Each structure stands twice: as C-alpha cells, then as structure tokens.
Amino acid sequence: MGHRRKRAAKRPSDNTQVTESTIENQIFQLTNNERKNNGVNPLVYDSSLAAIARAHSQDMLNNNYFSHINLNGDDPSERASKAGYNIHKSYQVGVAENIGMTEGYASSSNVAQKFIDMWRNSPGHRSNILNSQYNRLGVGVASKGSKIISTQVFF
C-alpha cells in the first residue's frame, strides 16, 4: 500500500504509540465496511491520493486552519491536479474530499471510528463514502499532541 510514515502520536491516556498510518489504514477499512453494509463496491487504495490527502492534513495542522480550500485558494481537485494526479474520468472531472478533526482518543481504532461516525452523520460526507462512481480512495492523517486531522480523497 505504498510508503507509510512512522511518526507516531502519543495517546493521552498512557505512553503507548499509535502511528498515523495505522489510523489511515483503519479509516480505509471502515470506509469499505460502510460501503459493503450499504451494498456499494469497495474502494481500491490509491497511494497517490493518499499522498495528496496527507499533504492537506499536514498543511491544515501546520497552518492552523480547517477547510477544503487551502490557504493558496486551491480546492481538492486543484490540489490533486497540481500534484500531478489525472482528475479526469470519462464521466467526471475532479475528486471529492472528506476532512475531519478531533482531539484526544483512547486508541487508533477509536479515533478511526470517530472520523467515520462524523462523516456518516453528515449528508455530504456520507454521500462521498457511498458514491458508487468513486472507485479509489486515499487517506491521510496528521497529528500533533492529541490533535488529529484526517483527509479522505475519493476518485
């Protein structure tokens, strides 16, 4: 599934480490579980989309903002295009994106489930997860202390 960062976030409740890549993998699995439970084909992991998602999560964390539009004014499709991703399909142009932020967690599975629950309860985010026209997904997580930001990029 591509190169994964080994940087870890400390869990506030103890001294164990939880890697961002573990959270990313669990979000990917939970997203496909949600699709399966709703009769939608699973998504394929896309390492290029994951790199785009990680870069956006890290940018939001580093620059203290939370938005689908970055500080340069680029939306998700513009960021993907600038990263060299071909955002054109025969029936669509562009990517879709879910973003989420949380603070504090008990485990990587807990935080991954928290993101999925937030997105599931938001009509627009849920629509991205269950959209059968999307067949690829990249997930990127960035953390500092107990603050965690996650981005999903669908194509």
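Above this text sits the structure in question.
Read on for a plain summary of the structure. From a predicted model like this one, the values you see are computed outputs, not experimental measurements.

1. Topic: the side chain of Lys-89
So, step 1. Here Lys-89 shows up in the loop between α3 (76–82) and β4 (96–103).
So, step 2. Buried charged residue Lys-89 carries no salt bridge. Nearest counter-charge: Asp-46, at 9.0 Å.
So, step 3. In terms of polar contacts, Lys-89 uses its side chain to reach the backbone carbonyl oxygen of Gln-133, at 3.1 Å.
So, step 4. When sequence neighbours within four positions are dropped, the list of residues in contact with Lys-89 reads Gln-133, Tyr-134, Asn-135 and Phe-155.

2. Thoughts on the pattern of salt bridges
So, step 1. If you walk through the whole model with that rule in mind, you get seven salt bridges.
So, step 2. For Glu-24, the salt bridge identified is with Arg-54, shortest N-O distance 3.0 Å. With a gap of 30 residues between them, Glu-24 in helix α1 (residues 20–37) and Arg-54 in helix α2 (residues 47–63) connect regions that are remote in the sequence.
So, step 3. On the basis of relative accessibility, which here comes to 1%, the residue Glu-24 falls in the buried class.
So, step 4. Across the pair Arg-136 and Asp-46 runs a salt bridge, and its minimum N-O distance is 3.4 Å. Within this pair, whereas Arg-136 is found in strand β5 (residues 136–144), its partner Asp-46 is found in the loop between β3 (44–45) and α2, the two being separated by 90 residues in sequence.
So, step 5. Among the residues examined, Arg-136 registers a relative accessible area of 29% and is labelled partly exposed.
So, step 6. Under the relative-accessibility criterion, Asp-46 is labelled buried at 9%.

3. Focus: the packing of α1 against helix α4 (residues 108–120)
So, step 1. Remark: α1 packs on α4, axes separated minimally by 9 Å, with the N-to-C direction vectors making an angle of 45 degrees. Classed by the angle they form, the pair α1 and α4 counts as oblique. Along this stretch, α1 crosses α4, giving a crossing that reads as right-handed. Two secondary-structure elements touch here, α1 through Thr-22, Ile-23, Gln-26, Ile-27, Leu-30, Thr-31 and Glu-34 and α4 through Ser-108, Ser-109, Val-111, Ala-112, Gln-113, Phe-115, Ile-116, Trp-119 and Arg-120.

4. Concerning the pairing of β4
So, step 1. Of all eight residues in β4, six are buried; the element is thus mostly enclosed.
So, step 2. Two elements, β4 and strand β6 (residues 147–154), share eight bridges in a ladder whose sense is antiparallel. Considered in β6, the bridge of Gly-100 is made with Ser-150.

5. Topic: the packing of α1 against helix α5 (residues 123–130)
So, step 1. Where α1 contacts α5, the axes come no closer than 9 Å and their chain directions differ by 85 degrees. Taken as axis vectors, α1 and α5 run roughly perpendicular relative to one another. Contacts between α1 and α5 involve Thr-31, Glu-34 and Arg-35 from the first element and Arg-126, Asn-128, Ile-129 and Leu-130 from the second.
So, step 2. Within the contact of α1 with α5, the residues separate by chemical class into two nonpolar, two polar and three charged.

About the criteria used
Residues numbered from 1 in each chain as written. Predicted model: local features only at pLDDT ≥ 70, side-chain atom pairs only at ≥ 80, totals over all residues. Heavy atoms only, no water. Helix = DSSP H or I, 4+ residues; strand = E, 2+ residues; numbered from the N terminus. Buried < 20%, exposed > 50% of the residue type's maximum accessible area, 1.4 Å probe, protein only. Lys, Arg positive; Asp, Glu negative; His and termini not counted. Salt bridge = Lys/Arg side-chain N within 4 Å of Asp/Glu carboxyl O. Polar contact = N/O pair within 3.5 Å; in protein donor to acceptor, adjacent residues only side chain to side chain. Contact = heavy atoms within 4.5 Å. Axes fitted to C-alpha atoms, helices over the stretch in contact; angles between N-to-C directions. Parallel < 35°, antiparallel > 145°, perpendicular 65-115°, else oblique. Left-handed = near helix turned anticlockwise from the far one by under 90°. Pairing = 2+ DSSP bridges. Nonpolar A, V, L, I, M, F, W, Y, C, P; charged D, E, K, R; others polar.

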